[in-house]
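# Structure at a glance
This is what each chain is made of:
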Amino acid sequence: MSLKAGILLSKTNSPDDLKKLDSDQLEILCEEIRQFIIDSVCLNPGHFGASLGVVELAVAVHYVFDTPVDRLIWDVGHQAYAHKIITGRRDDFHLNRRYKGLSGFPSISESPYDSFGTGHSSTSISAALGMAIGSKLKNECDRHHIAVIGDGSMTAGMAFEGLNNAGVANANLLVILNDNGIAIDKNVGALKDYLTDITTSKTYNKIKNDVWNILGSISRYGPNTRQLIQRLENAIKTTLLKQSNLFESLNFRYFGPVDGHDISHLTRILQDLKDIKGPKLLHCVTVKGKGFPYAEKNQTKFHAPGLFDKETGELKIALSERNNPPKYQEVFGKTILELAKMNPSIVGITPAMPTGCSLNIMMGEIPERTFDVGIAEQHAVTFSAGLATQGLLPFCNIYSSFFQRAYDQVVHDVALQKLNVVFCLDRAGLVGEDGPTHHGSFDMSFLRCVPNLTIAAPMNEQELRNLMFSAQKKDMGPFVIRYPRGHGVMKQWQKPFEEIPVGKGRMLKKGNDLAVLSIGHVGNAALKVCNDLKKEHKINAAFFDMRFLKPLDEVLLHNILKNYSKILTIEDNSLIGGFGSAVLEFMADNNYSAKVKRLGIPDYFIQQGSLEELHSECGYNCKGIYNTVLAVCAKEFSFKIN
């Protein structure tokens, strides 16, 4: 059911409708959009604070520019809700992040207004530059290209690579820096300090406002006056800030900082910037969570808060959620603190996800041994490698889908040099409503071919705890532990540590009809199915939790393949190159000929939806596993497959 929109918003079906409004009406429209987002996300959870912070910016850009002819990219795309609402998706917004509904991020396949898919950060400048150069080569010189990038996204190396290239490309590119001082957690690093310096220099900002007033009348005076104003502003910046302007040193024309919530001012500035050719950067200062006091006060909590009461700001955590076992990320956070107290060489590293991965638990007690390096996965890996050369033991926690961005560093800087780095890959496997940009579908496949790596996946919280304990033993080399988003299965998981021998799996259920092999959390569903099948169909399946993708437990595999003619492998990873593929390769190398059925993520990008919906689509929820075993055993047993 569609949500109720305000008077102006209900008539806004495209950016063309925006252009019919005057300045006062734009302010009203912004408030209606903000309320619409609040009404929607409190009932249908999604990213919240970031989109509230850019409502005026989204309206101003679409009001001034001719989208989708002019290309607009949002970086990161979780701030694009207002953009989606005013580009024809208002009535479907209640399906945001739902199965077969709208993506929670911009998607080229969803709308012509989504110029580029941006589920990961820091890609907008490079993509917009490519579009701008493409337009230039096609003689479409009047087309504008706008990249809206958060200051958190600006911390990544790729953003600086794009700026560096754009500064000499002389393309028609506008970068809008959405500066709210926070990604999910507070931003860190020298760039943050630099932007703070700019935005808090009272003398500079007072004089700058006078410059902007002149710029607002620029059309009266012509290009010579424009050049004079720019020289004057550059001199002010350099003198008062006591440093050269970072962006202008890269040949960008810098404008700002400006109030990102002043819709009237924003539209005037953007209109003036349309007439300035070449690369330019507009620095907008915004408030994450703007207009919802609880989100402004607790910006990390309301980044993606889940269900909440829009009147009180109270998070609605279901009773079932309260009674659930802990999340794997919480187990990681508590365990690394416990291990760090035992082992003084342990340090923790994360690229801008201390709360998301729960490294903030260790950060609160041992801050000098924890490092948030910003949205910079490549740097996180090589920084960890450097720490390892000095006898420290880095636990580098990166979300699986973000880990893809650091593949070369894993290969060249860690694996090749056999350095003791423990990679904890959170959100491995399908993650649910965040969709294809965030699913950890490929880590087992792209890591399995890299020499010197140990790759493991725990079936439950105690196994994660024990794998972390095992990985910090002396001379273990590069060690990867991948685990899923969400809750485990054990409430009493904090038991004494036990070392797990590298490359050793385990049999958890005996049987003689077929062998079910799994790796990771999905083994809990597999074991349940094996027990149910014995009760309901007298099918006695043996179940093996393999634990390690690399090295495989070859002794156990030899034993399995000598005793079973039917094998089912299950994994929360791509079927191509993953665990099932490893078993088939072992069989081929050792001349086994068992019948093998593999379950996992098929060869296409899985969209957003609940985990149950997505596991069902891929065929490895309980029902899918159940029916697969029945099909594999159909000749020996008589039953109906549902």
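Notes on the structure follow.

Conventions adopted
- Residues numbered from 1 in each chain as written.
- Predicted model: local features only at pLDDT ≥ 70, side-chain atom pairs only at ≥ 80, totals over all residues.
- Heavy atoms only, no water.
- Salt bridge = Lys/Arg side-chain N within 4 Å of Asp/Glu carboxyl O.
- Helix = DSSP H or I, 4+ residues; strand = E, 2+ residues; numbered from the N terminus.
- Buried < 20%, exposed > 50% of the residue type's maximum accessible area, 1.4 Å probe, protein only.
- Pairing = 2+ DSSP bridges.
- Core = buried A, V, L, I, M, F, W, Y, C linked by side-chain atoms within 4.5 Å.
- Contact = heavy atoms within 4.5 Å.
- Axes fitted to C-alpha atoms, helices over the stretch in contact; angles between N-to-C directions.
- Polar contact = N/O pair within 3.5 Å; in protein donor to acceptor, adjacent residues only side chain to side chain.

Enumeration over the complete set of coordinates arrives at 22 salt bridges. One salt bridge in this structure joins Asp-434 and Arg-485, with 3.7 Å as the shortest N-O distance. Of this pair, Asp-434 sits in the loop between strand E9 (422-426) and helix H20 (443-448) while Arg-485 sits in the loop between strand E11 (479-482) and strand E12 (506-509), placing them 51 residues apart in sequence. Using a relative accessible area of 12% as the deciding quantity, one classes Asp-434 as buried. In this structure, Asp-545 engages Arg-506 in a salt bridge whose closest nitrogen and oxygen atoms are separated by 2.9 Å.

The buried count for E9 comes to five of five residues, which makes it a mostly enclosed element. Residues of E9 alternate between two faces, with Val-422, Cys-424 and Asp-426 on one and Phe-423 and Leu-425 on the opposite face, all of them buried. Here five bridges tie strand E8 (residues 393-399) to E9, and the two strands are oriented parallel to one another. Each residue of the ladder has a partner; that of Tyr-399, found in E9, is Asp-426. Relative to E11, E9 runs parallel, the two being bridged by four bridges. Looking at the pairing, Leu-425 lines up with Arg-482 of E11.

Looking now at the nonpolar core. Judged by nonpolar contacts, the single largest core of 81 residues is most densely connected at Phe-395, Phe-423 and Leu-517. With seven residues, helix H15 (residues 328-342) is the largest single contributor of residues to this core. With sequence-adjacent residues up to four places away left out, Phe-423 is seen in contact with Val-381, Cys-396, Phe-403, Val-410, Val-414, Phe-479, Val-480 and Ile-481. Among the nonpolar cores identified, the runner-up in size contains 52 residues, and Leu-26, Val-54, Val-55 and Val-148 belong to it.

This part takes up the sheet that holds strand E3 (residues 173-179). The strand order across the open sheet formed by five strands is E1-E2-E3-E5-E4, and the pairing between neighbours is parallel. Sheet topology places strand E1 (71-75) and strand E4 (253-259) at the edges, where each strand pairs with a single neighbour. Each adjacent strand pair in this sheet contributes to an overall mean axis angle of 15°, direction not counted. Of the pairings in the sheet, the one linking E4 to strand E5 (residues 280-285) comprises five bridges and is parallel in character.

A separate point is the sheet that holds strand E17 (residues 595-601). Backbone hydrogen bonds are what pair the strands of a sheet, in a parallel or an antiparallel way. Strand order in the open sheet formed by five strands is E12-E14-E13-E16-E17, with mixed pairing between adjacent strands. Since the sheet does not close on itself, it has two edges, and those belong to E12 and E17, each with one partner. Taking the axes of each pair of neighbouring strands and ignoring which way they run, one obtains an average angle of 25° across the sheet. Here three bridges tie E12 to strand E14 (residues 541-545), and the two strands are oriented antiparallel to one another. What sits directly across from Arg-506, in E14, is Asp-545. Those strands touched by helix H24 (residues 579-589) are strand E13 (514-518), strand E16 (566-574) and E17, and its axis lies near 140° from that of E16.

Moving on, we get to the side chain of Asp-545. Turning to its location among the elements, Asp-545 is positioned in strand E14. Among the residues examined, Asp-545 registers a relative accessible area of 0% and is labelled buried. Polar side-chain contacts of Asp-545 include one of 2.9 Å to the side chain of Arg-506. Look past the residues within four positions of Asp-545 in its chain and what remains in contact with it is Met-459, Glu-463, Gly-505, Arg-506, Leu-508, Ser-518 and Gly-520.

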